[in-house]
Amino acid sequence: MINLTLNDETQVEILKHLSKTEDLLTRLATKLSGSEQAAEIYAMPDLGFPSNVQRIHGGFFTGAYYKWTTTVPFTPVDVTLNSCGISLFKLSAPISSETEFNALVQKTIDVVPKTTYVWNFATGNHFITYGEVVGSSVVPDGYYLMQHSSAAEFKKQYNGLYPAKDNWFYDSIETFKDEDSPRYLRYISGSKAELFAKKALMLQEYNKVRHQFFAHTLVGSNRIDKEVLNVQHYGMPTPTSVAIGCQWNAKDFYVLLTAPGKPIFFIEPELTGKNVIQS
């Protein structure tokens, strides 16, 4: 395991569980492949508890990157996979007031039933927000619309990627149990795992376009100057890896989300540097 956490008390306890998850992934891959395989988990500085208890039971936590090798395709299903990300749009004209912003949001909500989309910007930690940026070294001064949400159309529906009862892969779920503890890995393998990965990879672009649709619907195409950022932080970077709460595509900057009513930060990474924070 690669430990990049802050090693606070909570993270130290989570790391113990992740160590077992890494071991289970390694042993499952080896069993399915019939040859020695490997798994590795990168635990990030913001490693923490997800809101999804099912994910915790399965041995997966937010703020970590999971990867494995295998000659037989398989996917651990309790990662409760989807694609989730952040988009940032620079506007050519400001929104005049909170009242206008709320009216634009309501207009967009009213449009949703006419589409194939599911409104989920008020679910969990998802949001749409608007504000003015002044004096940033990362983006030009101006007015910006930011969105955070996942592809809700591929969650617990029959075609979704959550291990929901009676969906397209539920009857194919198998369980790999640890001999020395109550721990386990639930997984699918073979052709369904291959299809699962293809759907997950497809959702990265799908969720980007989804955000573009909602931005254009909310403020109107004429009001959008340009899309400044659109990056996923939850999904399958490859058919043999899962990222939960961490970006994997190189960008000039990223967005650090905090808490409701608190500042949102733009972060410029040093791609070859160590984990350090400089303000």
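Before any of the text, the structure's been laid out above.
Residues numbered from 1 in each chain as written. Predicted model: local features only at pLDDT ≥ 70, side-chain atom pairs only at ≥ 80, totals over all residues. Heavy atoms only, no water.

**A closer look at the overall build of the protein**
Item 1. If you tally the helices and strands in the protein, you get four helices and 13 strands.
Item 2. Its C-alpha atoms give the protein a radius of gyration of 20 Å, within 12% of the compact-globule value 19 Å for 279 residues.
Item 3. Counting only C-alpha atoms, the protein reaches 60 × 45 × 30 Å along its principal axes.
Item 4. For the protein, the share of sequence-separated contacts (at least 6 apart) that also reach a separation of at least 24 residues comes to 66%.
Item 5. For the protein, the accessible surface area stands at approximately 14,100 Å², while carbon and sulfur atoms represent 53% of it.
Item 6. Taken as two groups, the 25 positive and 28 negative side-chain charges of the protein have centres that lie 5 Å from each other. (Helix = DSSP H or I, 4+ residues; strand = E, 2+ residues; numbered from the N terminus. Rg over C-alpha atoms; globule rule 2.2 N^0.38 Å. Contact = heavy atoms within 4.5 Å. Areas by Shrake-Rupley, 256 points an atom, 1.4 Å probe, with all protein chains shown as cover. Lys, Arg positive; Asp, Glu negative; His and termini not counted. Charge placed at Lys NZ, Arg CZ, Asp CG, Glu CD.)

**What to know about the environment of leucine 88**
Item 1. Considering the arrangement of structural elements, one finds leucine 88 in strand E5 (residues 84–91).
Item 2. By relative accessible area, leucine 88 is classed as buried at 1%.
Item 3. Each C-alpha atom, one on leucine 88 and one on valine 105, is 16 Å from the other, the two residues being 17 residues apart in sequence.
Item 4. Non-local contacts of leucine 88, meaning those with residues more than four positions away in its chain, are made with Tyr144, Leu145, Met146, Lys226, Glu227, Val228, Leu229, Phe253 and Phe266. (Buried < 20%, exposed > 50% of the residue type's maximum accessible area, 1.4 Å probe, protein only.)

**Here's the deal with the packing of aromatic side chains**
Item 1. Counted by the stated rule, this structure contains 18 aromatic pairs.
Item 2. When the centroid spacing of 5.5 Å and the interplanar angle of 70° are considered together, the rings of phenylalanine 253 and phenylalanine 266 count as edge-to-face. Pair noted here: phenylalanine 253 is in the loop between strand E11 (241–244) and strand E12 (254–256) and phenylalanine 266 is in strand E13 (residues 265–267), with a separation of 13 residues, a long-range link.
Item 3. Of the residues examined, phenylalanine 253 reaches a relative accessible area of 6% and is grouped as buried.
Item 4. The exposure class of phenylalanine 266 is partly exposed, given its relative accessible area of 21%.
Item 5. An aromatic cluster is defined as three or more aromatic residues linked by ring pairs; in this entry it consists of Tyr117, Trp119, Phe121, Phe154, Tyr206, Phe213 and Phe214. (Phe/Tyr/Trp six-rings, centres within 6.5 Å; stacked < 30°, edge-to-face > 60°.)

**Some words on helix H1 (residues 9–33)**
Item 1. The end-to-end C-alpha distance of H1, which contains 25 residues, comes to 37 Å, matching closely the 36 Å that a straight helix rising 1.5 Å per residue would cover.
Item 2. Within H1, the full set of buried residues consists of Gln11, Ile14, Leu15, Leu18, Thr21, Glu22, Leu24, Leu25, Thr26, Leu28, Ala29 and Ser33.
Item 3. Residues of H1 that are buried in the fold lie against strand E1 (2–3), strand E2 (39–48), strand E3 (62–68), strand E4 (74–76), strand E8 (174–177) and strand E9 (184–189).
Item 4. The N-capping residue of H1, defined by a side-chain oxygen 3.1 Å from the backbone nitrogen of threonine 10, is aspartate 8. (Expected span 1.5 Å × (residues − 1). Polar contact = N/O pair within 3.5 Å; in protein donor to acceptor, adjacent residues only side chain to side chain.)

**Description of the sheet that holds E8**
Item 1. Across the sheet, which stays open at both edges, the three strands sit in the order E4-E9-E8 with antiparallel pairing between neighbours. Two strands bound the open sheet, and with one partner strand each, they are E4 and E8. Recorded for the sheet is a direction-independent mean angle of 40° between the axes of neighbouring strands.
Item 2. One ladder, built from four bridges, connects E8 with E9; its direction is antiparallel. Across the sheet, residue threonine 175 finds its bridge partner in E9, namely arginine 186.
Item 3. In the packing of H1 onto the sheet, contacts are made with E4, E8 and E9, and the angle to E9 comes to roughly 40°.
Item 4. Those strands touched by helix H4 (residues 191–219) are E4 and E9, and its axis lies near 90° from that of E9. (Pairing = 2+ DSSP bridges. Axes fitted to C-alpha atoms, helices over the stretch in contact; angles between N-to-C directions.)

**Brief notes about the environment of leucine 203**
Item 1. Within the secondary structure layout, leucine 203 lies in helix H4.
Item 2. When the C-alpha positions of leucine 203 and glutamine 232 are compared, they lie 9.8 Å apart, and in sequence the two are 29 residues distant.
Item 3. Beyond its immediate chain neighbours, meaning those up to four positions away, leucine 203 contacts Ser83, Ala151, Phe154 and Leu161.

**Quick word on the nonpolar core**
Item 1. Membership of the largest hydrophobic core comes to 58 residues, with the highest contact counts inside it found for Leu18, Leu47, Tyr66, Leu81, Leu145, Phe196 and Leu218.
Item 2. Beyond its immediate chain neighbours, meaning those up to four positions away, phenylalanine 196 contacts Thr75, Leu81, Leu161, Trp168, Phe169, Ile188 and Met236.
Item 3. Counting residues in each nonpolar core, the second largest holds twelve residues, with Ile86, Tyr144, Met146 and Val255 among its members. (Core = buried A, V, L, I, M, F, W, Y, C linked by side-chain atoms within 4.5 Å.)

**Some thoughts on the sheet that holds strand E7 (residues 142–150)**
Item 1. The eight strands are arranged E1-E2-E3-E11-E10-E5-E7-E6 in an open sheet whose pairing can be described as mixed. Each of the sheet's edge strands pairs with one partner strand only, and the pair in question is E1 and strand E6 (127–133).
Item 2. Where E1 meets E2, two bridges bridge the pair, whose relative direction is parallel. In the sheet register, asparagine 3 faces E2, and the bridge partner there is alanine 43.
Item 3. Its contacts with the sheet put H1 on E1, E2 and E3, and the angle it makes with E2 is roughly 160°.

**What to know about the pairing of E2**
Item 1. Taken together, E1, H1 and E2 form a β-α-β motif whose crossover is left-handed.
Item 2. Inspection of the sheet shows E2 paired to E3 by six bridges, in the antiparallel sense. Along E3, the bridge assignment pairs tyrosine 42 with tyrosine 65. (Right-handed = clockwise from strand over helix to strand, strands pointing away.)

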